[in-house]
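Report on the structure
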Amino acid sequence: MTSTTASSTAAAGQAPSPRGDHPLVEHWIGGAATAGSGERFADVYDPATGRVSGNVALAAPEDVEAAVAAARAAFPAWRDTSLARRTTVLFKFRELLDARKGELAEIITAEHGKVLSDALGEVSRGQEVVELACGINHLLKGGFTENASTKVDVYSVRQPLGVVGIISPFNFPAMVPMWFFPVAIAAGNTVVLKPSEKDPSAANFIAQLWKDAGLPDGVFNVLHGDKVAVDGLLTHPDVVAVSFVGSTPIARYVYETGTAHGKRVQALGGAKNHMLVLPDADLDLAADAAVNAGFGSAGERCMAVSALVAVDSIADELIAKIGERVATLRTGDGRRGCDMGPLVTGAHRDKVTGYVDAGVREGAELVIDGREVVPDAQDDEAAADGFWLGPTLFDKVSTDMSIYTDEIFGPVLSVLRVAGYDDGMELINANRYGNGVAIFTNDGGAARRFRNEVQVGMVGVNVPVPVPVAYYSFGGWKQSLFGDTHAHGVEGVHFFTRGKVVTERWLDPSHGGLNLGFPQNS
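Keep in mind that this is a model prediction, so the values were computed, not measured.

Between helix H2 (residues 83-112) and helix H6 (residues 201-212), the shortest axis-to-axis distance is 9 Å and the interhelical angle comes to 160 degrees. Classified by the angle their axes make, H2 and H6 are roughly antiparallel. Two packed elements cross with a definite hand, and for H2 against H6 that hand is right-handed. Of H6, the residues touching H2 (which contributes Val89, Leu90, Phe93, Leu96, Leu97, Arg100, Glu103, Leu104, Ile107, Ile108 and Glu111) are Ser201, Ala202, Phe205, Ile206, Leu209, Trp210 and Asp212. Considered class by class, the residues forming the contact of H2 with H6 number 13 nonpolar, 1 polar and 4 charged.

Attention now goes to the sheet that holds strand E16 (residues 365-368). One open sheet accounts for 7 strands, arranged E16-E17-E18-E15-E14-E20-E21; its pairing is mixed. Where the open sheet ends on each side, the last strands, each with one partner, are E16 and strand E21 (458-461). Geometrically, the sheet is characterised by an average inter-axis angle of 20 degrees between neighbouring strands, direction not taken into account. Bridge analysis of E16 against strand E17 (residues 392-395) gives 3 bridges, and the strand direction is antiparallel. Looking at the pairing, leucine 366 lines up with phenylalanine 394 of E17. Most of the contacts of helix H10 (residues 312-326) go to strand E15 (residues 305-311), to which it runs at about 140 degrees, and overall it touches strand E14 (273-277), E15, E16, E17 and strand E18 (412-418).

What the largest pocket holds in volume is close to 880 Å³. The wall of the largest pocket is formed by 34 residues, among which Phe170, Lys198, Gly246, Ser247 and Ile250 lie closest to the centre. Those elements giving two or more residues to the lining of the largest pocket turn out to be helix H7 (227-235), strand E12 (239-245), helix H8 (248-260) and helix H11 (346-361). Looking at the lining of the largest pocket residue by residue, the class counts come to 15 nonpolar, 10 polar and 9 charged. The space that makes up the second largest pocket amounts to roughly 410 Å³. Asp118, Asn292, Gly296, Arg301 and Val465 are the residues nearest the centre of the second largest pocket, which is lined by 19 residues in total. Those elements giving two or more residues to the lining of the second largest pocket turn out to be helix H3 (116-134), helix H5 (175-186) and helix H9 (283-295). For the lining of the second largest pocket, the element with the most residues is H3, which contributes 4 residues. Grouping the amino acids of the lining of the second largest pocket by side-chain chemistry returns 11 nonpolar, 3 polar and 5 charged.

So, on to empty space enclosed by the protein. Evaluated as defined, the whole model comprises 3 cavities of 30 Å³ or more. In this structure, the largest cavity spans a volume of roughly 110 Å³. Residue lining of the largest cavity: 15 residues in total, with Gly299, Arg301, Ala304, Ser306 and Phe409 positioned closest to the centre. Residues that form the lining of the largest cavity fall into these classes: 7 nonpolar, 5 polar and 3 charged.

So, how was this worked out
- Within every chain, residues take consecutive numbers counted from 1 along the sequence as written.
- In view of the model being predicted, local features appear only for residues whose pLDDT reaches at least 70, and side-chain atom pairs are presented and counted only at 80 or more, with totals across whole chains, interfaces and linings using the full set of residues.
- Calculated side-chain values reflect all of the structure's heavy atoms, with hydrogen atoms and water omitted.
- For helices, the fitted line uses only the C-alpha atoms of the stretch in contact; every axis is such a line through C-alpha atoms, and the angle between N-to-C directions lies from 0 to 180 degrees.
- Each helix corresponds to a stretch of at least 4 residues labelled H or I by DSSP, and each strand to a stretch of at least 2 residues labelled E; elements are numbered beginning at the N terminus.
- Note that the term roughly parallel is reserved for angles under 35 degrees, roughly antiparallel for angles over 145, roughly perpendicular for angles of 65 to 115, and oblique for everything else.
- The sense of a crossing depends on the near helix, which, turned anticlockwise from the far helix by less than a right angle, makes the crossing left-handed and, turned clockwise, makes it right-handed.
- Residues count as neighbours in contact if any of their non-hydrogen atoms are within 4.5 Å of one another.
- When residues are grouped by polarity, Ala, Val, Leu, Ile, Met, Phe, Trp, Tyr, Cys and Pro land in nonpolar, Asp, Glu, Lys and Arg in charged, and all others, Gly among them, in polar.
- Here the rule is simple: two strands pair whenever DSSP picks up at least two bridges between them.
- Whether a set of points on the 1 Å grid over the protein atoms alone is a cavity depends on a 1.4 Å probe fitting there but being unable to get out, while an open set qualifies as a pocket with protein on both sides within 12 Å along at least five of seven lines; lining residues are those with an atom within 4 Å of a point.
- Grid points are joined across faces, edges and corners, and a volume is the space filled by probe spheres set on the points.

Right under this line is the structure:
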């Protein structure tokens with residue numbers, strides 16, 4: 001993104017803008033929007049046209065300090081707010097989100113590029129975690145043992161941590177933050193969210209919903225920015241925990257930096273999700289699943305299927321069925337009822353296209369070339385500058401090719417052929433990632449063996465994108481997760497709280513008073 005410096009200050013009551021013709025996305029600190037003290041700004045694009053649609057403020061160290069200070073100041077009162085009052089606010093936020101999720105979906109599509117139906121689905125999945133948080137009373141219950149020793153009771157409680165940071169990626173600007181902040185807030189913590197600077201407006205919309213729901217100022221803050229903001233949260237002494245989702249190299253950096261500064265960290269990294277198709281599978285179902293999971297959201301999701309592992313005896317038929325389905329897809333402006341939208345930025349589109357070029361050079365068979373896509377858009381002239389890449393399909397991919405070894409994060413599906421189940425399992429388990437995986441088969445014994453043997457955190461059986469419901473936890477194995485705790489579910493509640501055990505003894509009420517009788521042992 002292009003950084004610019006503000007040359008003037010807008011009139012009182014308006015946000016200062018680095019460019020007179022674009023709105024500015026400000027930070028949200030202490031219950032109000034603020035441009036902050038930074039003098040750096042980044043462009044926000046409409047991916048379907050390639051045009052700048054706004055600017056976003058990039059935090060300076062002083063802005064990090066202001067956001068953390070607001071959260072720190074709000075923590076004591078929010079921590080001591082009753083669970084009944086906290087959940088009242090959660091329920092109100094849930095109602096507002098449900099009533100206005102269409103508006104939020106439109107904001108996501110305008111800045112990310114995904115089609116409206118996908119954006120709406122993202123919001124709905126995030127709302128599941130809000131609903132989990134509405135019932136957090138049950139998950140915060142401790143244990144109690146009466147008379148553990150003579151007249152001694154022992155019990156446990158779970159208490160909030162304090163100020164927590166959330167660093168989220170561009171691909172799900174609403175859902176991924178909602179994996180974390182509803183649980184964190186319901187448990188009594190205060191939050192500083194650092195969303196992606198590529199599509200920042202969803203976070204501010206959510207912040208306003210929280211305020212409208214009655215959340216006290218400072219409990220939820222939004223800090224926009226780049227590495228300055230990230231490092232500020234990772235090193236600030238008042239931030240006690242950090243949740244992160246992004247690429248594996250950055251996840252490792254976040255984990256190592258945060259833990260080195262004494263923080264509790266959950267860092268969800270990259271993925272190379274496989275889908276194993278056995279000869280007895282329903283190939284029409286498998287082809288539908290491969291297209292949906294490979295090209296949904298233009299492949300820009302950590303649960304996308306990017307490696308289709310097909311048993312050789314059915315590979316040709318399966319590829320033909322995929323090709324038939326791809327031919328019916330419309331790639332274009334996500335606001336026009338298309339099936340797949342553009343990629344988020346021009347730089348990212350060029351990176352993904354570079355992988356397509358590399359796949360051809362390395363000898364893979366290019367079955368469908370997404371570089372030749374003609375987008376469907378209202379304004380053909382504007383669409384010419386959009387960040388387009390259509391569905392792309394490679395066959396006869398080997399495990400040493402970059403289109404297999406790297407997380408591409410785009411609409412590129414690679415077919416790897418294997419002789420049978422054992423070879424497929426060996427290939428999958430040898431991969432350094434372990435986020436999501438799926439098997440397509442009608443053999444219950446094979447499916448049971450697969451879910452037992454595969455070294456991956458989330459497994460689908462005839463389900464291509466096995467994202468769990470909110471009361472289960474989300475997260476992978478191996479280089480897809482740094483830290484021990486997954487997102488939401490019981491693990492999420494435990495991440496945002498810490499246990500305390502109390503051992504207590506009270507004098508019996510009969511201890512005092514007059515007793516003229518002979519003392520007796522009891």
